[in-house]
Every structure is written in structure tokens, then in C-alpha cells.
Amino acid sequence: MEIRVRPADPDDIQHITELIAKNARQGGLLQRSETNIRSSLRNFLVAEEDQSSSSPSPGPQAQDSSAFSESQSTQPDQHAADQKPVILGCGSLVPMNTALVELRSLAVNEEVRGGGIGRQIVAALVEEARKRHFSLIFALTRSVRFFERCGFTVTTKEHFPEKVWHDCVSCPMLANCDEVAVIIQLDQAANRMPGEPVPAIQLAGTEREKQIPVQVVQAMRHTQGARSVTIAREPVSKVVLAYSGGLDTACAVPWLRETYGCEVVCFLADVGQGGDLEAVCQRAIESGASKCVVEDLREEFAIEYLFPLIQSGAIYEHKYLLGASIVRPLIARHQVALAEKEGADAVAHAATGKGNDQVRFELSYMALNPSLRVIAPWREWDIRGRDDAIAYAHAHHVPIIQTLERIYSGDHSLWHRSREGGDLEDPWREPDSTLYRMTVAPEDAPDNPEYIEVEFVCGIPKRVNGREMSGAELIETLNTYGARHGIGRTDLVENRLVGMKSHGVYEAPGGTILRVAHQGIEELTLDRETLHFKQVVALRYADLLYNGQWFTPLRDALQAFITVTQRDVTGKSRIKLYKGSATLVGRQATYSLYREDLATFMREDVYNQKDADGFIRLYGLPMHVKALVDQARESSMPLPDLKKGGPRD
């Protein structure tokens, strides 16, 4: 039987899945799902019976042109097209960084085991790793003798922290693991005969027992400038990462450099989150970024995003003031502009594959510059959760402040502060009081109420207590007022766009006050039909923002309607702040539709109450006719003549 090794194609997925599953049941491999195999298919080689040739079976050194090469485009003969050969074996390469790659998922059909198929697959994978400029290839195996015959030598797993932190820490077989690490140095492999042992790696002292081998470190430094590209990923030269300094973005910097071999530029938007942004930038540089660009977007955030949000009256699921939703399009807009300025060919974010922010970022990228490539590490890397991310950061010497004890995810801006994860994943459990950082607990707020006045011009807040302020200053001032009275706390189980529910706590003291104050002016200035229809629009507007559709024609159209409704929303609201509540206690408007002489219950001469008689007759006419029909049906009597008049009260 003659064997050929070739790159896998989609038709092979089911065969590869079954082959790995059978080996996994026998304890030779860890199980891999069909979805996982499909997503990394270009990393796989398969061995099959070569039905187009009768020549002797090729040896390991004759596989140059078969693996991941131009032969992938060779047209099969007619017989092969009619009957696809059976997959007899498979194997894959999993890059750990630009210099180190793992040989994984090596499986051979037990009916043909021992015929040299496994060695042919290994030889082809080694050759492909060499062509991709990797310096070292390793595998974890129980079949040590087999790999030694293929030119590998035994080492220790601790030499590969990438593998240990990525996979081993979460492996269900870790406690009873008896696998041995084997390696082959690719820069020496070309001059070595199969079976010839590889010289053991010499470490520079016992302190390096749990670090990457010296040779790999040197190779990584050498190849960083070469921008090597790993298997199954298109080349990337430079990427601009939306950077916050949090755990996810901290891990994304070294991961992008190692995985894509590209330059990483971090973009840090100052949207009022506070803190030492220079220190955050320094951490980005220490993590491997070539630069970190900071832009102060607080005023733009307030004027162009938050004030239109207030005018709209939008709120998501009765509680959420859309804090994270409203800031993502702003960040994306400036991130794309920086990418264009830097000549980058990609943008990246560190939003998880479970959350809403991935959609908000990527829809904004599409709308602003569809030619930019988008990289979402959480959908590619092997990190499965916050604990894995912390382990990855420690292994890569990334400076972080998160711990396993405080493993919450959060967002902070001029508009709000949020917390998710950790203990909050149990919605029955009362949130820890320390999760609220902006506001005091309502029970600890002052015992005396405080009154403030907020003035609006065309629906835009302009003054607090008579003092005119810029947009950002006004929101910060209201945050201060609201925070000391415990205002703006929300505990919400929300419906994410991706289909799941999540539990989080939010703080938006200034936004809560503005929402109440703005509604007070609209109550005076909007007619009934406009106000009621605007409430419908607010629901749709909230969905658009929550779902990341800021840069859409529909949002623009709804914004135009909202702007028209705000032409007369000019006036002043008085708000009472007390023990967690912001209560509207007074409002006045320049163009108020409220008429005291019409609304009064005291004696008046403006409104003729007898006019209500005819109004009610006409307004209730459809109900009156329907009732007459129902009565006639029940009594089998003819309908009364409406011209003669019906029953009256």
C-alpha cells in the first residue's frame, strides 16, 4: 500500500474527528470536537492511500511538496474524484509563539499501525514547521520510543510554559498525567539522519527550570523583526489594539505578537475612567507594545454621544443606562482613525466571545473602514476563562493587578461603572458592597436631602445650580452630587445580544439625575402624540445602541426625529437627592404646554365642562355600536335604528 500525506480539506473533518475519537477512547489522545477541528483545519495533515501511483511508498524525506504546499491545488485523477481514499492517519501543528510549535493530534488507524504511516506524518509536519521558520517543535506523548525513532529527544514539560499554562492547567488528566515531552530543534534537523539523537538543551542554571529554553528565547528575539506568520492565519504587519489595561487587553498584547508576529500599537481612550493613564500606558509597553497612544475623548463623549442619549430617553430593559454600549462606537471611531494614521492593516479588541462588546466594536469597524482586518483574541486563543488569563499573564511576565480572589470584569467611564463575573454569577447572592466604587450605600448617605437644579436648552443640559459648564464637567458634577447620596445603583439580569442572560451591577449617578431632570422638561413641552411615539422610538433606540448599531442609517434617522422633538425642551428641573433616590420635585419650561387655567380644579371660566359630553359620544361611538350588535345577537332582536337614538346615560 502506497501512502501520501497531504493538507486536510473540509471533506476530511468527519474522518479526522472519528480517528481522534477512537484514539482518545484508547487513551492515546485528548478528545477534540468537530468544531475545534474545523476551526483549525489548515493546521492538519492527513495520510491516505495513494491510488494514483504504483511506485514504492515514499520515505520520510520525500514529503517536501506534499504538506501545506502547492500540491494542495493539484487536481485529483478521475478515479480519486469518484471514490475518495480513506483517511489512515492525521496530525496537526499548534503554534505557541513565533519560534515554538507543538505537534498534536497524531493518530493512525489501528488496522494499519506499524506500517510507517505515523513516521511519514511526523516527517511532513517537521518539514512544514521548518518551512514556517519555527525553531523548535515539541510534543507530549506516551510513545517516547516512536518519537525518538523520528529524531526527537526527551526533555521536560516545564521548558514549555506556554503549553503548561494554556492546556495542562485545565486538562482533566493532569493529576495522573504520564506524558513525556519530546523535542526536535529544527535548525539542526536538516543535517541529522532519522533516529539520530538530538543534543539535550543546555539551560543557564537551575533558575530557568520553569522558563522557555535559551535557544527558543534567542530565536524569538531574532524572529520578532521578521514578523513570522503562524499556521492558519493571514499575515499581519501592524495591529492597533483597543487597550484598557485590564486583564484581557493585557494578555492580548503578547498574544498578538507571538501569534501573528506583528507590531502592536495600543490605543487608550480617556473617557473619564480616571486613574493613572500614564502608568497604564507603561504597562502596555512592558507587555510588548511598540507604543501606546492616549486620547482625551471626555468632551466629545459627553457632547456627541451622551447628550443625544439623554435626549432620546433610551434605557435598556427598564434599568440599564447603556454605559458600555454608548462608549464602544466612540473608541472604535478613534481606533480606526489611528490605524489609518499608523498604516496598520488590522484592528483588535479583547472583548470575549460571550459578550456584547465584540459586536459593538466590530460593527463599528465595518461601518468606518471595512478594509481593516479584525482580530478578536478571545475567539482564537486557548484561554478559556479569567483564571487561565491570569495564569497566562504570569507566565508571560505581564503586569496585572487582578487575582483569582477578585476576578470580576468591569467597565468605567464618565457615564457609569459596571461589574460582572465572580460572585455575581449567582443572581441569588447579594452583591458585595465593595463592588460599588462610585457611590456610597444609600443607608450611609446623608440624613438630610439636597436639592439641585439642572437647566436644559433644546434638550441639552447646560447649567447646574445656575452655573454653566462644559459637557464633561457637567456630568462629573452630577456624578459627585449623586454619588454622595447613593444614587444610580442598579442590579440587573440582562438579556445579552448573543442569547444568554448575565448578572451585573451598575452605577450611573449623574446619568440617573439627568434622565429624571430631562423627563421633567419633556412632560411640560411635548404634546401627547409626540411624547407617546417618542417613548416607542426610545425602546428601538436603546436596542440599536445595545446591539452595537450606532453607525447605521436607522440610528441617524431616529436621531433626526429625536432632535426635532427637542426644539422646545428648554427649561429647568429641580431634583431632590435623598438616600438613593433622585426625585423630580419641580419643573418649568420656556415653551410649556401646561396651562394652569385649564388644569385647575378650582373655579374657572376657560374650560366648558359641558363640551365633554359630545366628545365622549364621538370618542365612544365604536364601542357603542359594537355593544348594540352584541346585544342583538344574544336576544335575536333586530338592530335598533341609530337615527332614532340609542340608549343614553
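Residues numbered from 1 in each chain as written. Predicted model: local features only at pLDDT ≥ 70, side-chain atom pairs only at ≥ 80, totals over all residues. Heavy atoms only, no water.

Draft legend 1. Here's a closer look at the overall build of the protein. In terms of regular secondary structure, the protein is built from 21 helices and 21 strands. For the protein, with 649 residues in total, the buried portion stands at 50%. The long-range fraction of contacts in the protein, counting pairs at least 24 apart against all pairs at least 6 apart in sequence, stands at 75%. Here the protein displays about 32,600 Å² of accessible surface, and carbon together with sulfur accounts for 51% of that area. (Helix = DSSP H or I, 4+ residues; strand = E, 2+ residues; numbered from the N terminus. Buried < 20%, exposed > 50% of the residue type's maximum accessible area, 1.4 Å probe, protein only. Contact = heavy atoms within 4.5 Å. Areas by Shrake-Rupley, 256 points an atom, 1.4 Å probe, with all protein chains shown as cover.)

Draft legend 2. View of the side chain of N479. The topology assignment puts N479 in helix α15 (residues 471-484). For N479, the residues in contact, after removing those within four places along its chain, are L414, M438, P509, G510 and G511.

Draft legend 3. Structural detail: the sheet that holds strand β10 (residues 291-296). On the basis of which strands lie adjacent, the open sheet formed by five strands has the order β10-β9-β8-β11-β12 and parallel pairing. Both outer strands of the open sheet, β10 and β12 (373-375), are each paired with one neighbouring strand and no more. Averaged over all pairs of adjacent strands, the angle between their axes in this sheet comes to 25 degrees, without regard to strand direction. With five bridges connecting them, strand β8 (residues 238-242) and strand β9 (residues 263-270) associate as parallel partners. Along β9, the bridge assignment pairs K238 with E263. (Pairing = 2+ DSSP bridges. Axes fitted to C-alpha atoms, helices over the stretch in contact; angles between N-to-C directions.)

Draft legend 4. Structural detail: a negative patch on the surface. Where like charges cluster on the molecular surface, the negative patch consists of E430, E443, D444 and D491. Tracing the backbone through its elements, the reader meets D491 in strand β18 (residues 489-495). (Patch = residues over 30% accessible without salt bridge, like charges linked within 9 Å, V, L, I, M, F, W, Y side chains within 5 Å. Salt bridge = Lys/Arg side-chain N within 4 Å of Asp/Glu carboxyl O. Lys, Arg positive; Asp, Glu negative; His and termini not counted. Charge placed at Lys NZ, Arg CZ, Asp CG, Glu CD.)

Draft legend 5. Region of the structure containing the packing of aromatic side chains. All chains considered together, the criterion is met by 13 aromatic pairs. A ring pair is formed by F533 and F561, whose centres lie 5.5 Å apart and whose planes are at 90 degrees; its orientation type is edge-to-face. Highlighted residues: F533 in helix α17 (residues 528-546) and F561 in helix α18 (residues 553-565), separated in sequence by 28 residues. Ring pairs connect the aromatic residues W255, Y260, W378, W381 and Y392, which therefore count as one cluster. (Phe/Tyr/Trp six-rings, centres within 6.5 Å; stacked < 30°, edge-to-face > 60°.)

Draft legend 6. Structural detail: the confidence of the model for the protein. Residues with a pLDDT of 70 or more make up 80% of the protein, whose mean pLDDT is 83. The low-confidence segment residues 54-81 (pLDDT under 50) makes 42 contacts with residues lying over four places distant or belonging to another chain. In the model, residues 188-232 has pLDDT below 50 throughout and makes 89 contacts with residues more than four positions away in sequence or in other chains. (pLDDT = per-residue confidence, 0-100.)

Draft legend 7. Spatial organisation of unusual backbone geometry. One non-glycine residue, E317, lies in the positive phi region at around 50 degrees. Mapped onto the fold, E317 is located in the loop between α11 (298-312) and α12 (323-342). With a phi close to 55 degrees, C458 is a non-glycine residue in the positive phi region. Residue position: C458 is located in the loop between β15 (450-457) and β16 (460-464).

Draft legend 8. The arrangement of the packing of α12 against helix α13 (residues 357-368) in detail. Look at α12 against α13: their axes get within 9 Å of each other, and the N-to-C directions meet at 40 degrees. The angle between the axes of α12 and α13 places the two elements in the oblique class. Crossing of α12 over α13 shows right-handed handedness. On α13, the residues touching A324, S325, R328, P329, I331, A332, R333, Q335 and V336 of α12 are D357, R360, F361, S364, Y365 and L368. A per-class count over the contact of α12 with α13 returns eight nonpolar, three polar and four charged. (Parallel < 35°, antiparallel > 145°, perpendicular 65-115°, else oblique. Left-handed = near helix turned anticlockwise from the far one by under 90°. Nonpolar A, V, L, I, M, F, W, Y, C, P; charged D, E, K, R; others polar.)

Draft legend 9. How the structure looks around the pairing of strand β19 (residues 501-507). Of all seven residues that make up β19, six are buried, and the element is covered over most of its length. Here four bridges tie strand β14 (residues 417-420) to β19, and the two strands are oriented antiparallel to one another. Residue pairing for β19: S418 is matched across the bridge by Y506. Summarising the sheet, β18 and β19 pair through seven bridges and their orientation is antiparallel. Following the sheet pairing, R489 is matched in β19 by E507. Between β18 and β19, which follow one another and run antiparallel, lie five residues, and G499 among them has a positive phi close to 110 degrees.

Draft legend 10. Expanded view of a nonpolar patch on the surface. The grouping of F615, I616 and Y619 at the surface amounts to a nonpolar patch, some 410 Å² of accessible area in total. Mapped onto the secondary structure, I616 falls in helix α20 (residues 611-619).

Draft legend 11. Representation of the nonpolar core in the model. Ranked by size, the top nonpolar core spans 72 residues in total, and within it F301, L322, I326, W415, L478, L514 and I575 carry the most contacts. Of the residues forming this core, the biggest block, nine residues, is contributed by α12. If near-sequence neighbours (up to four positions away) are discounted, I326 is found in contact with F301, Y305, L306, L309, W415, L545 and W550. Y243, Y260, L277 and I390 belong to the second largest nonpolar core, which has 35 residues in total. (Core = buried A, V, L, I, M, F, W, Y, C linked by side-chain atoms within 4.5 Å.)

Draft legend 12. Structural detail: helix α9 (residues 247-260). End to end, α9 covers 20 Å across 14 residues, agreeing with the expected 20 Å (1.5 Å per residue, within 8%). Remark: the principal bend of α9, roughly 25 degrees, maps to P254. Among the 14 residues in α9, 13 count as buried, and that is most of the element. Looking one or two residues beyond α9, the residue adopting positive phi is G261, at roughly 60 degrees. (Expected span 1.5 Å × (residues − 1). Bend = angle between axes of the 7 residues up to and from the residue.)

Draft legend 13. Here's a closer look at the sheet that holds strand β13 (residues 409-412). Strand order in the open sheet made by the four strands is β13-β14-β19-β18, with antiparallel pairing throughout. Of all strands in the sheet, those with a lone pairing partner are β13 and β18, marking the two edges. Strand-to-strand twist in this sheet, taken as the mean axis angle between neighbours without regard to direction, amounts to 20 degrees.

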